[in-house]
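Letter by letter, the chains look like this.
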Amino acid sequence: MKNEDLFRIFDACKPTVEQVRQYLERISGNAAFDLFFSKGGKKFLTRKIEPGLGELVGVVIEKTLFLAKGLSFEDFSGTNKNDRLKLTQKDIFEEGRNCYRNAFPLDEKALEILERHAEEYENLTDMLKTFGYYLLPLQERYLMLDKDSEKTCADYRMLDGCFLGNANLGYFLRTEIIPLCAEAPVV
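Computed from a prediction, not measured in an experiment: that's the story for all the values here.

Caption draft 1: Structural context of the overall build of the protein. When helices and strands are counted, the protein shows seven helices and nine strands. Counting over 187 residues, the protein shows a buried share of 41%. As displayed, the protein has an accessible area near 11,100 Å², and 50% of this comes from carbon and sulfur atoms.

Next comes the structure, spelled out in structure tokens:
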């Protein structure tokens, strides 16, 4: 398509300058944060997104690695369905460490980091999608867990830290994902 035709279509959409800026950022491939990739056994950090970088492990924000994927109900598929309702907070931490060394569910500190960088994080998820990578989007609810707790329920909060309620872990996992984070890697 010629630029003239493209610009005519673009003009008909009447985008704002801010929308054009966001679109350019999205397709530029320049990330606001370090991205942690793994390819062929090698792990590396980059801010330049392009096809073929390997598997996206996560994004580093303020010395915290937010993993690209979290825990879902399927991660506990080896557990009897009735027993999944008996999952403890400790079980969630153990499964998190199976996904990535020293990984843990988001805590208050991690939520504060995400809240400060929510807009950039959401823009990054869109940008990564453009290049074929997946980063867990921001959620409405986050569980607050204790790694040594045998409780089968936990409080959940909004991104801004507001208390929303309490949920059984197995029921929560049926519809929600538990995001994981870890200390930022040194590469």
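Structure's up, so let's keep going.
Caption draft 2: Region of interest: the pattern of salt bridges. Overall, the coordinates contain seven salt bridges when judged by the stated rule. For E4, the salt bridge goes to R8, with nearest N and O atoms at 3.5 Å. Here E4 and its partner R8 are both found in helix α1 (residues 3-13), four residues apart, which amounts to about one turn of the helix. Between R116 and E62 there is a salt bridge, with the nearest N and O atoms lying 2.6 Å from each other. Taken together, the positions of R116 in helix α5 (residues 108-116) and E62 in the loop between β3 (55-61) and β4 (64-67) put the pair 54 residues apart, joining distant regions of the chain. In this structure R116 comes out as partly exposed when scored by relative accessible area, which is 48%. Residue E62 is classed as partly exposed on the basis of its relative accessible area of 38%. One connected set of salt bridges, linked through shared partners, spans E4, D5 and R8.

Caption draft 3: Spatial organisation of the sheet that holds strand β7 (residues 153-157). As summarised here, the arrangement of the three strands in space is β6-β7-β8, forming an open sheet in which the pairing is antiparallel. Only two strands of the sheet have a single neighbouring strand rather than two, namely β6 (142-144) and β8 (163-168). Mean inter-strand twist for the sheet, computed between neighbouring axes without regard to direction, equals 40°.

Caption draft 4: Structural detail: the packing of aromatic side chains. Overall, the coordinates contain three aromatic pairs when judged by the stated rule. The interplanar angle of 70° and the centroid separation of 5.1 Å between the aromatic rings of F37 and Y133 together place this pair among those described as edge-to-face. With F37 in strand β1 (residues 30-39) and Y133 in the loop between α6 (118-130) and β6, this residue pair connects regions lying 96 residues apart in the sequence. When sorted by exposure, F37 lands in the same class as Y133, which is buried. Considering the side-chain rings of Y156 and F172, the 6.1 Å spacing of their centres and the 45° angle between planes classify their relative orientation as tilted. Highlighted residues: Y156 in strand β7 and F172 in helix α7 (residues 169-175), separated in sequence by 16 residues. Taking relative accessible area as the criterion, Y156 reaches 14% and is therefore assigned buried. An aromatic cluster of three or more residues is present, and its members are F37, F44 and Y133.

Caption draft 5: Spatial organisation of the pairing of strand β2 (residues 42-48). Sheet topology places β1 next to β2; six bridges connect them, and they run antiparallel. Paired with N30 across the bridge in β2 is K48. Linkage of β1 to β2, two consecutive antiparallel strands, is achieved through a turn of two residues, within which G40 is found at a positive phi near 60°.

Caption draft 6: Representation of a negative patch on the surface. A contiguous patch of negative charge, built from D107, E112, E115 and D160, is present on the exposed surface. Summarising the element assignment, D160 is placed in the loop between β7 and β8. Given a relative accessible area of 40%, D160 falls into the partly exposed group.

Caption draft 7: Just the nonpolar core, in detail. Ranked by internal contacts, the top residues of the largest apolar core, which has 29 residues, are L35, I49, V59, F66 and L124. For this core, the elements supplying multiple residues, two or more each, are β1, β3, α5, α6 and β6. Ranked by residues supplied to this core, first place goes to α6 with five residues. Filtering out sequence-adjacent residues up to four positions away, V59 remains in contact with F33, D34, L35, T64, L65, F66, Y121, L124 and L135. Ranked by size, the runner-up nonpolar core spans 25 residues in total, among them V57, V60, F172 and A182.

What counts and what doesn't
Starting from 1, residues in each chain are numbered consecutively following that chain's sequence as written. Only residues with pLDDT of at least 70 get local features here, since the model is predicted, and only at 80 or more are side-chain atom pairs given and counted; chain-wide, interface and lining totals rely on the full set of residues. Excluded from the side-chain calculation are hydrogens and water; included are all heavy atoms of the structure. Put simply, DSSP H or I for four residues or longer makes a helix, DSSP E for two residues or longer makes a strand, and each gets a number counted from the N terminus. Any residue under 20% of the maximum accessible area for its type is buried, any over 50% is exposed, and the rest in between are partly exposed; the area is computed with a 1.4 Å probe on protein chains only. Calculation of accessible area relied on Shrake-Rupley with a 1.4 Å probe; when residues are assessed, cover is drawn exclusively from the protein chains displayed. We count a salt bridge whenever a side-chain nitrogen from Lys or Arg sits within 4 Å of a carboxyl oxygen from Asp or Glu. Here, a strand pair is defined by DSSP locating no fewer than two bridges between the strands. Here the axes come from fitting lines to C-alpha atoms, over the contacting stretch only for helices, and the angles between their N-to-C directions go from 0 to 180 degrees. Pairing of aromatic rings covers Phe, Tyr and Trp, the last counted by its six-membered ring, and requires centre-to-centre distances within 6.5 Å; plane angles under 30 degrees mean stacked, over 60 mean edge-to-face, and any other angle means tilted. In this analysis, a patch consists of residues with relative accessible area above 30% that form no salt bridge, clustered at 9 Å for like charges and at 5 Å for the nonpolar side chains Val, Leu, Ile, Met, Phe, Trp and Tyr. Charge convention: Lys and Arg are scored as positive, Asp and Glu as negative, and His as well as the terminal groups of each chain are ignored. All charge positions are set by atom: Lys at NZ, Arg at CZ, Asp at CG, Glu at CD. Note on terminology: a nonpolar core comprises buried Ala, Val, Leu, Ile, Met, Phe, Trp, Tyr and Cys residues joined through side-chain atoms within 4.5 Å. In this analysis, two residues are considered to be in contact whenever any of their non-hydrogen atoms come within 4.5 Å of each other.

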